[in-house]
Amino acid sequence: MTGAAMPTPTVSVPAGNLAGEPGAAERAVEDAFLRRFLYGTFPGILADEAVLKRRANLLVVCAVLARGLPPAKLYFLVGYAKTLLTHFYKCPMRLELQTVPAKVVYKYL
Amino acid sequence: MALVGGAAVAGAGYWAVLSRCCGRVVVAPLFGSAAYSSVPALNSTEGQQREASSRRRGRTPQFIRSHASPRTEKMAVDQDWTSVYPTAAAFKPASVPLPIRMGYPVKRGVPPPKEGNLELIKIPNFLHLTPPAIKKHCAALKDFCTEWPSALDSDEKCEQHFPIEIETVDYVSAGTSIRNPKARVVTLRVKLSNLNLDEHAKKKLIKLVGERYCKDTDMLTITTDRCPLRRQNYDYGIHLLTVLYHESWKTETWESEKSEEDMEEYTWENSCSQKNALDTLLRIKASENVSNVTKEELLASEVVKNYRNSVIALKNEGETEKNMSQYKESVKKLLNI
């Protein structure tokens, strides 16, 4: 049985995606880049699509990882991702991670 | 790579084994024994991301470290929750000691548990806003607050001292820019009864502003957005109010040409209705051969006054049952029917 994949979740509260509000396009481009960046930075251990949240200027990336790397390497990757992204986007950035033993299936089809 | 291998096989039971095998194959060459020495460092560093929930470091199958238990198992019941979630943060299953399930239920089963549950991460949570946390916030903010002035204890007093209301809107959005062009709009509201205007000035002001005056609430509303900055729009609004006030007090020479169509409400004096009524009455009196009754006497008489009031009511308030019957009565009395 295959599990259904989740659609890419971006929780941008509130503006941006409201009708007539500026900045929706910029946020969408940022989100696309962030997903590719995370997919490359955590090679093979991203268990699920990352959830991107924005709180005013703060960018919060919540990712669920599988346990495939030793913690030292994970720490390095986290620091690398955070520093690089804060410098790219000129905004504070938080990376909230969770590790799971196995990939969690959303729904069996 | 471990995930792909795991997904290809049905049944969750095999996943852990396969991922273990793949992990061993791939990761082992990269490992050094130094990896184990970093473990004590792991536990001592703070890091909400490192939940200490089972980091598996299985290098060889015969040596499998015991998984560190999640923090929830070590939490006291009366702990200080505000230090677990001091600010808004995503849901961390190993930090929240609640057995929450969320999502689409497994067939003939329950919704999935909280570990790795993306649905719980997606939604905003208010774990950082428990009542004790809010009490702490209020206590911290109290130092920056001042009392409301005791002299302004009612709406009327506020209106009396501050008759002009200014309305501006600030916009907050998620993103790196705080600019929003809609923030430059300024709305001024003032009641005309608070302005020092006489009859002529009030009528002239209402004619000048047109739609911006609401008759029911006696409120003049000026909305300015033609300048790029809020401060400029505010200054322009105040300037407009000042100009309107001064202009309405002035009387121009051409204002004497105000005709009956320009009048805001109906006045009976010098109207055709008055002329017709007086005309009719004089003719009646003449045909009855009564001595010359003067215009002033006629005007002062009761029946003419009634007629005048009913006509004014009809013209100003529109046709209602009451007005029409009043008019009928006054006409009957006037013509002695």
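As recorded by an unreviewed UniProt entry, chain B carries the name 28S ribosomal protein S35, mitochondrial and is attributed to Grus japonensis.

Naming follows an unreviewed UniProt entry, where chain A appears as 28S ribosomal protein S24, mitochondrial-like of Grus japonensis. Per its UniProt entry, chain A bears the Subcellular location (unreviewed entry) comment "Mitochondrion". The Sequence similarities (unreviewed entry) field of the UniProt record for chain A holds the comment "Belongs to the universal ribosomal protein uS3 family."

Asks: Run through the overall build of chain B, naming residues and quoting values.
Replies: Helix and strand counts for chain B stand at 14 helices and 4 strands. Here chain B, with 337 residues, has 27% of them falling under the buried criterion. As displayed, chain B has an accessible area near 23200 Å², and 57% of this comes from carbon and sulfur atoms.

Asks: Tell me about the packing of helix α9 (residues 199-209) of chain B against helix α10 (residues 230-249) of chain B, residues and numbers included.
Replies: Residues and elements named next belong to chain B. Where α9 contacts α10, the two axes come as close as 8 Å, and the packing angle between them is 130°. One finds that α9 runs oblique with respect to α10. Where α9 crosses over α10, the two elements pack in a sense that is right-handed. Contacts between α9 and α10 involve His 200, Ala 201, Lys 204, Leu 205, Leu 208 and Val 209 on the former and, on the latter, Leu 244, Tyr 245, Glu 247, Ser 248 and Trp 249.

Asks: Which residues make up empty space enclosed by the protein, and what are the values?
Replies: As enumerated under the stated definition, the model contains 3 cavities of 30 Å³ or more in all. Considered as a void within the structure, the largest cavity measures approximately 90 Å³ in volume. Along its surface, the largest cavity is lined by 12 residues, and Val 104, Val 105 and Tyr 106 of chain A together with Asn 117 and Leu 118 of chain B are the ones closest to its centre. Class assignment of the residues belonging to the lining of the largest cavity gives a composition of 7 nonpolar, 3 polar and 2 charged. As a volume, the second largest cavity reaches approximately 70 Å³.

Asks: Explain the pattern of salt bridges to me, using residue names and the numbers behind them.
Replies: Enumeration according to the criterion identifies 16 salt bridges over all chains in this entry. A salt bridge links Glu 30 of chain A to Arg 54 of chain A, with the shortest nitrogen-to-oxygen separation between them at 3.0 Å. Placement of the pair is Glu 30 of chain A in helix α1 (residues 24-41) and Arg 54 of chain A in strand β2 (residues 51-55), with a sequence separation of 24 residues. We note that Glu 30 of chain A, like Arg 54 of chain A, is buried. Two residues, Lys 136 of chain B and Asp 80 of chain B, come together in a salt bridge whose shortest N-O distance is 3.6 Å. Note that Lys 136 of chain B is positioned in helix α7 (residues 131-141) and Asp 80 of chain B in the loop between α4 (39-44) and α5 (81-84), a separation of 56 residues in sequence. Residue classification places Lys 136 of chain B among the partly exposed positions, given a relative accessible area of 45%. Put simply, Arg 27, Glu 30, Asp 31 and Arg 54 of chain A are held in one network by salt bridges that share partners.

Asks: Quick one: what's the story with the nonpolar core, residue by residue and with numbers?
Replies: Residue and element names in this part refer to chain A. Core analysis: the biggest nonpolar cluster contains 22 residues, and Leu 38, Phe 42, Val 61 and Leu 95 have the highest contact counts within it. Counting residues per element, the ones that place at least two in this core are α1, β3 (58-66), α2 (71-89) and β4 (93-100). Counting residues per element, this core draws most heavily on α2, which supplies 6 residues. Ignoring any residue separated from it by four or fewer positions in sequence, one finds Leu 38 in contact with Leu 46, Ala 50, Val 61 and Leu 95.

Asks: I'd like a rundown of the pairing of β4 of chain A, residues and numbers included.
Replies: Residue and element names in this part refer to chain A. Within β4, 7 of the 8 residues are buried, which leaves the element mostly enclosed by the surrounding structure. Of the strand pairs in this sheet, β3 and β4 are connected by 8 bridges, and their pairing is parallel. Each bridged residue has a counterpart across the sheet, and for Cys 62 the counterpart in β4 is Glu 96. Crossover handedness for the path β3 to α2 to β4: right-handed.

Cut-off values and rules
Residues numbered from 1 in each chain as written. Chains lettered and ligands numbered in written order. Predicted model: local features only at pLDDT ≥ 70, side-chain atom pairs only at ≥ 80, totals over all residues. Heavy atoms only, no water. UniProt positions renumbered as here; feature names shortened; annotations may be inferred. Helix = DSSP H or I, 4+ residues; strand = E, 2+ residues; numbered from the N terminus. Buried < 20%, exposed > 50% of the residue type's maximum accessible area, 1.4 Å probe, protein only. Areas by Shrake-Rupley, 256 points an atom, 1.4 Å probe, with all protein chains shown as cover. Axes fitted to C-alpha atoms, helices over the stretch in contact; angles between N-to-C directions. Parallel < 35°, antiparallel > 145°, perpendicular 65-115°, else oblique. Left-handed = near helix turned anticlockwise from the far one by under 90°. Contact = heavy atoms within 4.5 Å. 1 Å grid on protein atoms, 1.4 Å probe; cavity = no way out; pocket = protein on both sides within 12 Å on 5 of 7 lines; lining within 4 Å. Points joined across faces, edges and corners; volume = space filled by probe spheres on them. Nonpolar A, V, L, I, M, F, W, Y, C, P; charged D, E, K, R; others polar. Salt bridge = Lys/Arg side-chain N within 4 Å of Asp/Glu carboxyl O. Core = buried A, V, L, I, M, F, W, Y, C linked by side-chain atoms within 4.5 Å. Pairing = 2+ DSSP bridges. Right-handed = clockwise from strand over helix to strand, strands pointing away.

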